[in-house]
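# Survey of secondary and tertiary structure
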Amino acid sequence: MTAREATRDIMLGSFAGMIAATMEYPLDLAKVRLQAQLLYHTNTTPLRFNGPWHCLIQTWKNEGVRGLYRGLPAPIVGAMAETATLFLSYSYFQNLIRSVSDTGKDLPLSLSQLGLAAGGAGFVASFILTPIELVKCRMQVQLMNLPIYMDPPSARNLSTSAAQVSNPTLIVPARPAPIADLQVLASAKVSSVAIVRKPEGPWSIIRSVVRSYGLRGLWLGHTGTMLRESGGSALWFSTKEWTASWLHNRRRQGDLPRKKKENPLPWESALAGALAGGVSTLLLYPADTVKSAVQTEDEFRPRPLPAAPGKISGSSVRPNSAFMAVAKQMYIANGIKGFYAGCGMTVVRAVPGSAVIFAVYDGLSAWLA
């Protein structure tokens, strides 16, 4: 690739991703919260949210409009980085396949070749996207777990605010409260403790993760992101290319198939992108569900602070080793249905989002050609 081609892909991908992320963010927030609540849900405790619309309404009532966009900077950065990386890598892998297969630059690749290029692009993008999604997911769910009210020596979660707890003896701001600290408070002559958590910013979350797991902790949940991005990107790009080609040939009313690359019309890009977004999201959704649960587990099941980075109370638990364990746990608790929590809303979100991304990218590409 030339520097000009690379710069164009980065700029156009970033712009398209930013627009799509801003439009669809409240639906993404609802999706993550619905996925995260399944991690601590049991048969004896009710779900906090009954569905996506209930989640959005409750978030708006309890946190206001600001709550619907909690953590927005992280996904905007993530969407810009992801989309730019996807399109840049997609173009690079296409050029690589052309050089290996001796396919001319102006001739279209086969559907299988496009899928291979897209899967490689998704694999590359997953390494950039995982830390950004980790911060985003934790910011989206951090107000779902407050406060913690404690009657020593046991603790239980309440849905009430700290102000509603009758006569708390001590209020401790904490995130989250280390178990060791709770034990100290329990042994003290304190009748009750209300722990109120203040929402963290992205840099505070990053510091907390690095302190607990080391730098590799920023890639917590990468297995799920890699599966979703590699498989999803292959489906996303190949479905879009096939649909756009079919629409193009149909518009030509039975003329001979395309002999060279041609830019689709805006409505063709949008329609093809909408279908691609729905298909890829639906088929790869379980991987995203487990990924979100892995990344938000510490928000609902806090561990004591480690003595050294990467060591959690002497445990052998390591970042990225929990994907299958969490998937098994979610399956036992909720069955197959649990892997599709919030799926309907996510597909609804992905359809217009993908339509906007491809319409903007293809439109600007044609304009700058």
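Residues numbered from 1 in each chain as written. Predicted model: local features only at pLDDT ≥ 70, side-chain atom pairs only at ≥ 80, totals over all residues. Heavy atoms only, no water.

## Here we look at the overall build of the protein
Formally: Numbered from the N terminus, helices here are DSSP runs of H or I no shorter than four residues, and strands are runs of E no shorter than two. In what follows, a contact means two residues having at least one pair of non-hydrogen atoms within 4.5 Å. All accessible areas in this document rest on Shrake-Rupley with a 1.4 Å probe, and a residue is counted as covered only by the protein chains that are shown.
On a plain count of helices and strands, the protein comes out with 10 helices and 4 strands. Each helix and strand of the protein, ordered N terminal to C terminal, gives the series α-α-α-α-β-β-β-α-β-α-α-α-α-α. Of the contacts formed within the protein by residues at least 6 apart in sequence, a portion of 81% connects residues at least 24 apart. Looking at the protein as shown, the accessible area adds up to about 18,000 Å², and 64% of this sits on carbon and sulfur atoms.

## Examining the packing of helix α4 (residues 111-141) against helix α7 (residues 222-251)
For the record, the criterion: Lines are fitted to the C-alpha atoms to define the axes, a helix being fitted only along its stretch in contact, and any angle between axes, read from their N-to-C directions, falls within 0 to 180 degrees. Throughout this description, any angle smaller than 35 degrees is read as roughly parallel, any larger than 145 degrees as roughly antiparallel, any in the 65 to 115 degree range as roughly perpendicular, and the remainder as oblique. Throughout, a crossing is termed right-handed when the near helix is turned clockwise from the far one, and left-handed when it is turned anticlockwise from it by less than a right angle. Residues are grouped as follows: nonpolar covers Ala, Val, Leu, Ile, Met, Phe, Trp, Tyr, Cys and Pro; charged covers Asp, Glu, Lys and Arg; every other residue, Gly included, is treated as polar.
Where α4 meets α7, the axes come as close as 6 Å, and the angle between the chain directions of the two elements is 140°. By the criterion of interaxial angle, the relationship of α4 to α7 is oblique. α7 is crossed by α4, and the crossing has right-handed handedness. Of the residues in α7, those touching α4 at L111, L114, G115, A118, G119, G122, F123, S126, F127, L129, T130 and E133 are H222, T225, M226, R228, E229, S230, S233, A234, F237, S238, E241 and W242. When grouped by side-chain class, the residues that make up the contact of α4 with α7 number 10 nonpolar, 10 polar and 4 charged.

## A short note on the pattern of salt bridges
Selection rule: Take a side-chain nitrogen of Lys or Arg and a carboxyl oxygen of Asp or Glu: if they are within 4 Å of each other, that pair is a salt bridge. Buried residues are those whose accessible area, probed at 1.4 Å on protein chains only, stays under 20% of the maximum for their type, while exposed residues exceed 50% and partly exposed ones sit between those limits.
With the rule as written, the count across this model stands at 6 salt bridges. In this structure, the salt-bridge partner of D288 is R228, at a minimum N-O distance of 2.5 Å. One end of the pair, D288, is in helix α8 (residues 266-300); the other, R228, is in helix α7, with 60 residues separating them in the sequence. Note on D288: relative accessible area 4%, which makes it buried.

## A closer look at a nonpolar patch on the surface
Under the convention used in this document: For patches, a residue must show more than 30% relative accessible area and have no salt bridge; joins then use 9 Å for like charges and 5 Å for nonpolar side chains, namely Val, Leu, Ile, Met, Phe, Trp and Tyr.
Taken together, the side chains of L282, L283, Y331, I332, I336 and Y340 define a hydrophobic patch exposed on the protein surface, amounting to about 630 Å² of accessible area. The element that contributes the greatest number of residues to the nonpolar patch is helix α9 (residues 323-338), accounting for 3 residues. Mapped onto the elements, Y331 comes out in helix α9. Take Y331: its relative accessible area is 46%, and that puts it in the partly exposed class.

## Considerations on the packing of helix α1 (residues 3-37) against α4
Two elements in contact, α1 and α4, have axes whose closest approach is 9 Å; the angle formed by their N-to-C orientations is 80°. On the basis of the axis angle, α1 is roughly perpendicular to α4. On α4, the residues touching Y25, D28, L29, V32, R33 and A36 of α1 are K136, C137, Q140 and V141. Of the residues in the contact of α1 with α4, the class split is 6 nonpolar, 1 polar and 3 charged.

## As for the UniProt feature "transmembrane region" (unreviewed entry) in the protein
Applicable threshold: UniProt positions are given in the numbering used here, feature names are shortened, and annotations may be inferred rather than shown by experiment.
The sites that carry the UniProt feature "transmembrane region" (unreviewed entry) are, in the present numbering, residues 71-93, 113-135 and 338-361. With 100% helix and 0% strand, residues 113-135 has end C-alpha atoms that lie 34 Å from one another.

## Comments concerning the nonpolar core
Note the cut-off: Put simply, a nonpolar core is a bunch of buried Ala, Val, Leu, Ile, Met, Phe, Trp, Tyr and Cys residues held in one set by side-chain atoms that sit within 4.5 Å of each other.
In terms of nonpolar packing, the biggest core is built from 21 residues, with L86, F87, Y90, W236, F237, I357 and F358 touching the most fellow members. Of all the elements in the fold, those that place two or more residues in this core are α1, α3 (73-101), α4, α7 and α10 (343-368). Beyond its immediate chain neighbours, meaning those up to four positions away, F237 contacts L86, F87, Y90, A118 and F358. V290, A293, V294 and M330 belong to the second largest nonpolar core, which has 16 residues in total.

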